[in-house]
Amino acid sequence: MIDTQVAVFCDFDGTIARRDVGYSIFHHFSNSRNDELLPDWKAGRLSSRDCLLKEAEMSPMTEEELFSFIDQFEFDSGFAPFVEKCQVVSIDLIIVSDGLDLYIDYLLKREGFEHLKLIVNHGYIDGNRLIIEFPHHNQICRKCGSCKGERIQEYRQQHEGNTNIIFVGDGYSDACATTEADVLFAKKDLERYCRMRNIKYQLYDDFFDVAEQMDSMGLFVKQKL
Ligand SMILES: [Mg+2]
Ligand SMILES: [Zn+2]
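Computed from a prediction, not measured in an experiment: that's the story for all the values here.

Attention now moves to unusual backbone geometry. The phi dihedral of S90 is positive, around 60°, even though this residue is not glycine. Its location among the elements puts S90 in the loop between helix 5 (79-88) and strand 2 (92-100). Residue classification places S90 among the partly exposed residues on the basis of a relative accessible area of 23%. The backbone phi angle of N198 is positive, close to 55°, even though this residue is not glycine. Within the fold, N198 resides in the loop between helix 8 (188-196) and strand 7 (202-203). With relative accessibility at 74%, the residue N198 sits in the exposed group.

Written out as structure tokens, the structure is:
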């Protein structure tokens, strides 16, 4: 029998956090001016890197203003039990985001998840300017800031044997992961994206739902480490 390791990759904005925190931050601090960029970004004419840099430029904010603004955002209530379920059987859980560590670190810490693995772009505030850096290099993809498809490929290269990759997401920033994952959970924009391209996906509502479907697919088995 060949041992197969299960790993879960999941998006943050709109997936773990119920609403899109990154979008809301830029929407709020740019006085909605960021909306003019989105049609080009959704159509692939504007890369995520350029979009993020432009959004940052139009969104002055201090650290204090930012953190008090994001305190309103809540997590999917199924996420905590999902994390625990993964831990019990040693399933590797990795958060992949094309947002910024600046707000994701803060919210993960607030919810007691600062130990989780996170692959994300880097943001910090200097005075009232938001500075963004891209520490994760994309070999091929020119669309993403940190390409989720390439992060999954790297994971497979680093882990010998068969890896069964589960991906959970909700939006266009998850597009590159759709062809790399073995099992894909999609909702909202990501569901539309998959439907239009005939990409197979499991529709889900929240992490309770993901857990239930993974259970019925027999994916929660004790991992051999
Ligand atoms: Mg998202
Ligand atoms: Zn990509």
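Donor atoms from the polypeptide that coordinate the magnesium ion (ligand 1) comprise D11 (OD), D13 (O) and D170 (OD), at 2.1 to 2.2 Å from the metal. Mapping the donors of the magnesium ion (ligand 1) onto the primary sequence yields the spacing D-x1-D-x156-D. Like D13, D11 is buried.

This part covers the packing of helix 5 against helix 9 (residues 207-216). Two packed helices can be described by the angle between their axes and the distance between those axes. Packing of helix 5 against helix 9 leaves a shortest axis separation of 8 Å and a crossing angle of 30°. Considered as vectors, helix 5 and helix 9 are oriented roughly parallel to each other. Helix-helix and strand crossings are classified by hand; for helix 5 and helix 9 the assignment is left-handed. Within the contact between the two elements, helix 5 uses F79, P81, F82 and K85 and helix 9 uses F207, F208, V210, A211, M214 and D215. Considered class by class, the residues forming the contact of helix 5 with helix 9 number 8 nonpolar, no polar and 2 charged.

Moving on, we come to the nonpolar core. Core analysis: the biggest nonpolar cluster contains 50 residues, and F12, F79, F82 and M214 have the highest contact counts within it. Of all the elements, helix 6 (residues 101-110) adds the most residues to this core, at 5 residues. If we ignore the near neighbours within four places in the chain, the residues touching M214 are V8, F82, I91, I166, F185, L219 and F220. Counting 18 residues, the second-largest nonpolar core is a separate cluster that includes A7, I94, A181 and I199.

In total, this model carries 1 cavity of 30 Å³ or more according to the counting rule given. Each pocket or cavity is described by its volume, and for the largest cavity that value is around 40 Å³. Forming the boundary of the largest cavity are G22, I25, F26, M61, L66, L100, L102, Y103 and L130. For the lining of the largest cavity, the secondary-structure elements that each account for two or more residues are helix 1 (21-29) and helix 6. Examining the composition of the lining of the largest cavity, we find that 3 residues originate from one element, helix 1, more than from any other. Residues of the lining of the largest cavity, tallied by class, amount to 8 nonpolar, 1 polar and no charged.

What counts, and where the lines are drawn
Residues numbered from 1 in each chain as written. Chains lettered and ligands numbered in written order. Predicted model: local features only at pLDDT ≥ 70, side-chain atom pairs only at ≥ 80, totals over all residues. Heavy atoms only, no water. Helix = DSSP H or I, 4+ residues; strand = E, 2+ residues; numbered from the N terminus. Buried < 20%, exposed > 50% of the residue type's maximum accessible area, 1.4 Å probe, protein only. Donors = N, O, S within 2.8 Å, 3.2 Å for Na, K, Ca; no water. Axes fitted to C-alpha atoms, helices over the stretch in contact; angles between N-to-C directions. Parallel < 35°, antiparallel > 145°, perpendicular 65-115°, else oblique. Left-handed = near helix turned anticlockwise from the far one by under 90°. Contact = heavy atoms within 4.5 Å. Nonpolar A, V, L, I, M, F, W, Y, C, P; charged D, E, K, R; others polar. Core = buried A, V, L, I, M, F, W, Y, C linked by side-chain atoms within 4.5 Å. 1 Å grid on protein atoms, 1.4 Å probe; cavity = no way out; pocket = protein on both sides within 12 Å on 5 of 7 lines; lining within 4 Å. Points joined across faces, edges and corners; volume = space filled by probe spheres on them.

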